[in-house]
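# Structure assessment
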Amino acid sequence: MCGIFGVRGHDDAVGLTKLGLFSLQHRGQESAGIVAVENGAARGVRSMGLVSDMPLLQLEALRGTLAIGHTRYSTAGSSSIENAQPVLVSSRGGHIALAHNGNLTNAGELRADLEESGSIFASSMDSEVIVHRMARSNAPLPEEKLVDALRDVEGAYSLLISMADTLLAARDPRGWRPLVLGRLNGAPVFASETCALDIVGATFEREVEPGEIIAVDANGERSLFPFERRELKRCVFEHVYFARPDSRIFGGSVDRARRALGRQLARECPVPGADLVFSVPDSSNSAAIGFAEESGVPYELALIRNHYVGRTFIQPSQASRIAKVRLKFSAVREVLDGKRVVMVDDSIVRGTTTRALVSLVRGAGASEVHMRVSSAPVTGPCYYGIDTPSRDELIAATHNQEEIRDSLGVDSLGYLTLDGMLESVPSGPDGFCHACFSGDYPTAPPTDPNKLRFGCGC
Ligand code: AMP
């Protein structure tokens, strides 16, 4: 997964992009980058780590009224500076810089075709095929080159691209990943989530529509819908886990979605006689509050998260993942001692987090631990941009509910049903991709999923 941000026609385009990326840091912590364009000439800075780790001196040297930026989240295998974005190349039509959120499911085939006819790739990212295809197009306008480039592309993309003096924004016809358009002093501002518009003071205007390409240049803004309409497949996991609760995505508030998920969870899987409910901070805070509101069980802060420890999810070995969970969370004995508790998390993937937290919570004196999950069981990998491991690592793909309960060491376990989950999100239940929960994949899976994971853009 990744965060993207872009603006055209503002004197402080670079400063705004840096701020916007800070707000999108939760979408990717592996690398960050900004490309700025001044009079058609582009320069970029990319570095590993957080936005705050970007080299200040180089950032200060960036100038321009057009800028795009990217925060990247990928699998461990492809963590390298070559794969940081925005990708920046020069072509016969001028520079092309590209920031991508999503995964292309046929990137392997497209790349093989390009290599067959002589292309040389500088990274292992799926996103690079779009740049190559744009550079090859003979169409006169940047947006027409992008149409040529995207014509046979399958999968998920929200894109921000600069070519010469034009800023392009695009969203795939199924609308997998969010992308919004805001306005600041007349300048268009694009971002993965509205929280990045808020931080720069831009007003939300609308979503970039699924299948839409927007071109912004000195002549104004043009909107195109060049591709065949497809059934909407917005990623439900954005509401469950990924997006920030202060954002509005897919036409609805993430906070409201998570609270509704929590309320539905309390209706579907109540815990009679529980003393308190708490969240696994931060992504499940709103769902746990929803559970408390619906059930009347008091909401407590029982787990404290250390914000200075990095991601737990993608650690090379299971042992280091467990150690990192313990570094990241601590339990409040005064809240938990002698209590029958409900622990709410937004999802269980491998089960590592829950297992480590249950022993922590029991160690702090909880007498019963009832696990409640504000999504359905994750039973399949995502090929569209969320980093879920392969099927055999997913606890719900290989165990039944009683086996999972036993393996996690909880007194009871309750997941939301798929229907309950889809009915709780704004503008649900239709128009969402839920492949990782239901196995209902909207595209053919990639021919070699491992290659895709290794080479994925986000
Ligand atoms: P696991 O420990 O493997 O069961 O992962 C579940 C935990 O990771 C939950 O606390 C989720 O909030 C969080 N989570 C779920 N999906 C992801 C993801 N794609 N990247 C990072 N964290 C995730």
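The model shown is predicted, which means the values in this text are computed figures rather than measured ones.

Right, let's get into the domain arrangement of the protein. How big an interface is tends to be stated in terms of the accessible area lost upon association of its parts. Domain boundaries in the protein define domain 1 (3-233) and domain 2 (253-435). Computed over C-alpha atoms only, the centres of domain 1 and domain 2 are separated by 33 Å. Of the residues lining the interface, 14 residues belong to domain 1; the matching set on domain 2 comes to 12 residues. Taking both sides of the interface into account, the surface hidden between domain 1 and domain 2 amounts to around 1,100 Å²; carbon and sulfur atoms contribute 57%. Counting across the interface, domain 1 meets domain 2 through zero salt bridges. Our count for the domain 1 to domain 2 interface comes out at two residue pairs in polar contact (both at pLDDT 80 or more). In terms of residue class, the side of domain 1 that touches domain 2 is made up of five nonpolar, six polar and three charged.

Turning to its location among the elements, arginine 234 is positioned in strand β14 (residues 234-235). For the buried residue arginine 234, which engages in no salt bridge, the nearest side chain bearing the opposite charge is glutamate 207, 6.0 Å off.

Formed by 46 residues in total, the largest nonpolar core has its most connected members in Phe291, Val344, Tyr384, Met421 and Phe437. Elements with a contribution of two residues or more to this core: α7 (236-242), α8 (254-268), α9 (285-295), β20 (340-345), α15 (418-424), β23 (432-433) and α16 (435-438). Two domains each donate at least three residues to this core, and these are domain 1 (3-233) and domain 2 (253-435). Excluding residues that lie within four positions of it along the chain, phenylalanine 291 makes contacts with Gly262, Arg263, Leu265, Ala266, Cys269, Val271, Val277, Val342, Val344 and Arg372. Residues Met343, Leu357, Leu408 and Val410 belong to the second largest nonpolar core, which totals 29 residues.

This paragraph deals with the sheet that holds strand β7 (residues 158-163). Here six strands make up an open sheet; going across it, the order is β5-β6-β7-β8-β12-β13 and the pairing antiparallel. The sheet is open, and its two edges are formed by β5 (87-91) and β13 (220-224), each paired on a single side. Going from strand to strand, the sheet's axes swing by 15° on average, the running direction of each strand aside. Across six bridges, strand β6 (residues 94-101) lies against β7 in antiparallel orientation. Each bridged residue has a counterpart across the sheet, and for leucine 98 the counterpart in β7 is isoleucine 161. Strand contacts of helix α4 (residues 128-136): β5, β6, β7 and β8 (166-171), with the helix running at about 150° to β6, the strand carrying the most contacts. In the packing of helix α5 (residues 142-150) onto the sheet, the strands contacted are β7, β8, β12 (213-217) and β13, and the crossing angle to β8 comes to about 35°.

What counts and what doesn't
Residues numbered from 1 in each chain as written. Predicted model: local features only at pLDDT ≥ 70, side-chain atom pairs only at ≥ 80, totals over all residues. Heavy atoms only, no water. Domains from an automatic or database assignment. Contact = heavy atoms within 4.5 Å. Buried area = accessible area lost by both parts, 1.4 Å probe. Salt bridge = Lys/Arg side-chain N within 4 Å of Asp/Glu carboxyl O. Polar contact = N/O pair within 3.5 Å; in protein donor to acceptor, adjacent residues only side chain to side chain. Nonpolar A, V, L, I, M, F, W, Y, C, P; charged D, E, K, R; others polar. Helix = DSSP H or I, 4+ residues; strand = E, 2+ residues; numbered from the N terminus. Buried < 20%, exposed > 50% of the residue type's maximum accessible area, 1.4 Å probe, protein only. Lys, Arg positive; Asp, Glu negative; His and termini not counted. Core = buried A, V, L, I, M, F, W, Y, C linked by side-chain atoms within 4.5 Å. Pairing = 2+ DSSP bridges. Axes fitted to C-alpha atoms, helices over the stretch in contact; angles between N-to-C directions.

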